[in-house]
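Read off the chains here:
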Amino acid sequence: MPKLRDERVAWLAVQDRLRRRSRRLGPLGWLVTIATLGAWVLLRSRGGAAARMAAYSEAVDHVTGYLGEDDREKLRADRTVPPWFVFEVERARRAARWRERLPAKRETRLERGRRILLRVVLTGSVVAALVLAPTVWVRAASLGRIGPVAEAPAAGVAIVFGAQVAPGGQEPMPFLKGRLDIAAKLLTTGKVRALLISGDAQGGSGDEVRVMRDYLAAQGVDPARMVVDPHGLDTYDTCRRAHDVYGVTKALLVSQELHLHRAVTLCRRLGVDAYGVPALCEGCQRVTILYNTVRDVAAGPKAAWEALRHRQAAVVSAPDPSLREAMR
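This text gives an overview of the structure that appears in the document. (Residues numbered from 1 in each chain as written. Predicted model: local features only at pLDDT ≥ 70, side-chain atom pairs only at ≥ 80, totals over all residues. Heavy atoms only, no water.)

### Thoughts on the overall build of the chain
Phase 1 of the analysis: Of regular secondary structure, the chain possesses 14 helices and 5 strands.
Phase 2 of the analysis: In terms of C-alpha radius of gyration, the chain reaches 32 Å, well past the compact-globule figure of 20 Å for 328 residues.
Phase 3 of the analysis: Dimensions of the chain, computed from C-alpha atoms along their principal axes, come out at roughly 105 × 40 × 40 Å.
Phase 4 of the analysis: Looking at the 328 residues of the chain, the share that counts as buried comes to 42%. (Helix = DSSP H or I, 4+ residues; strand = E, 2+ residues; numbered from the N terminus. Rg over C-alpha atoms; globule rule 2.2 N^0.38 Å. Buried < 20%, exposed > 50% of the residue type's maximum accessible area, 1.4 Å probe, protein only.)

Structure (structure tokens):
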């Protein structure tokens, strides 16, 4: 019986494992399969297994050259290869696929660690850029448009954004209370003539807009100067409905500063000449401020996407003249 070359023995040792690998679609393959109902892509992928096996065969020939004498003796004796062999075969095949020079030697543990670290850093950089780029856009678009009550320009209306209410659904939480106190101050100092109270009447913590209206009334705000929008389900919907339903074209926005950059940017994008007046959050813990800051940064991509889509509000209503009447 003729003696087989080491390359041939190595191929026989690993071809079954490589055949299974050649039939894998990978993440992109599965996404395409699902998107196209799978059948055609799956059959085509199976049909391409022979070509992948041919590429594996060439990679095995190359990687066999990495074997030391002890590895070759073990290969000839029981047709087993070192644990690193299949990994190196994959590395050689990828290099050949991308028309790169085949690796001249095995990848050391240090080299592999550096390569993985580089990939992690690059992936993290891309993810950070995707998250932070919208935040940079939001900050740039709101630059110079946020300031205290004394510096705020006069406007017909202040839009007060809703937030979580206290357990029991009767009192505002500190975040919301700070917004309502600033809104009352804007009205009493003559900066605005009416308030548009916008929030979710069916929020997870309770009826936000009812609590907001009742709190302001208890502070002496004339109910005739308040208009309630119970369908301000998020920042985008509040701005969109303020413009489309209530006819707002210029407004002061009342919220915490960490939220105002996004609110001002979205309202301006939707046709409202907006200026933000930051509210305090007396009694708020640092962890609450940190959580809401991170949450607002994470909402940046969503805000950018909604601004590009220019979608309708979740609840579309007919034009409502009540705010114009409240400003008289």
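### What to know about the sheet that holds strand 1 (residues 157-161)
Phase 1 of the analysis: Reading across from one edge, 3-2-1-4-5 is the order of the 5 strands in this open sheet, with parallel pairing throughout. Only two strands of the sheet have a single neighbouring strand rather than two, namely strand 3 (226-229) and strand 5 (273-278). Looking at each pair of strands side by side, their axes are set apart by 25° on average, direction ignored.
Phase 2 of the analysis: Examined bridge by bridge, strand 1 and strand 4 (residues 250-255) share 3 bridges and lie parallel to one another. Directly across from Ile159, in strand 4, lies its bridge partner Leu253.
Phase 3 of the analysis: This element, helix 10 (residues 235-244), spans strand 1, strand 2 (194-198) and strand 3 of the sheet and lies at about 155° to strand 1. (Pairing = 2+ DSSP bridges. Axes fitted to C-alpha atoms, helices over the stretch in contact; angles between N-to-C directions. Contact = heavy atoms within 4.5 Å.)

### So, the packing of aromatic side chains
Phase 1 of the analysis: Across all of its chains, the model carries 1 aromatic pair by this definition.
Phase 2 of the analysis: Ring centres of Trp84 and Phe85 lie 6.1 Å apart, and the angle between their planes is 40°; this geometry places the pair in the tilted category.
Phase 3 of the analysis: Owing to a relative accessible area of 12%, Trp84 belongs among the buried residues under this scheme.
Phase 4 of the analysis: Here Phe85 falls in the buried class, since its relative accessible area comes to 0%.
Phase 5 of the analysis: In this arrangement the basic side chain of Arg112 is found over the ring face of Phe87, its NZ or CZ atom lying 4.1 Å from the centre. (Phe/Tyr/Trp six-rings, centres within 6.5 Å; stacked < 30°, edge-to-face > 60°. Lys NZ or Arg CZ within 6 Å of the ring centre and 35° of its normal.)

### Things to note about unusual backbone geometry
Phase 1 of the analysis: Phi is positive for Arg79, which is not a glycine, with a value near 55°.
Phase 2 of the analysis: Within the fold, Arg79 resides in the loop between helix 5 (69-78) and helix 6 (85-97).

### Some remarks on the environment of Arg193
Phase 1 of the analysis: On the secondary structure map, Arg193 appears in the loop between helix 8 (174-188) and strand 2.
Phase 2 of the analysis: In contact with Arg193, not counting residues within four places along its chain, are Ala155, Gly156, Leu187, Arg225, Ala326 and Met327.
Phase 3 of the analysis: From its side chain, Arg193 meets the backbone oxygen of Met327 in a polar contact 2.8 Å long. (Polar contact = N/O pair within 3.5 Å; in protein donor to acceptor, adjacent residues only side chain to side chain.)

### Description of the nonpolar core
Phase 1 of the analysis: Leu186, Val192, Leu195, Leu216, Leu252 and Val277 are the most contacted members of the largest nonpolar core, which has 29 residues in total.
Phase 2 of the analysis: Elements with a minimum of two residues in this core: strand 1, helix 8, strand 2, helix 9 (208-218), strand 4 and strand 5.
Phase 3 of the analysis: Counting residues per element, this core draws most heavily on helix 8, which supplies 7 residues.
Phase 4 of the analysis: In this view, Leu195 contacts Val157, Ala158, Ala183, Leu187, Leu216, Val221, Arg225, Met226, Val227 and Leu323; residues no more than four positions away in its chain are not counted.
Phase 5 of the analysis: Leu196, Ala263, Val264 and Leu323 belong to the second largest nonpolar core, which has 28 residues in total. (Core = buried A, V, L, I, M, F, W, Y, C linked by side-chain atoms within 4.5 Å.)

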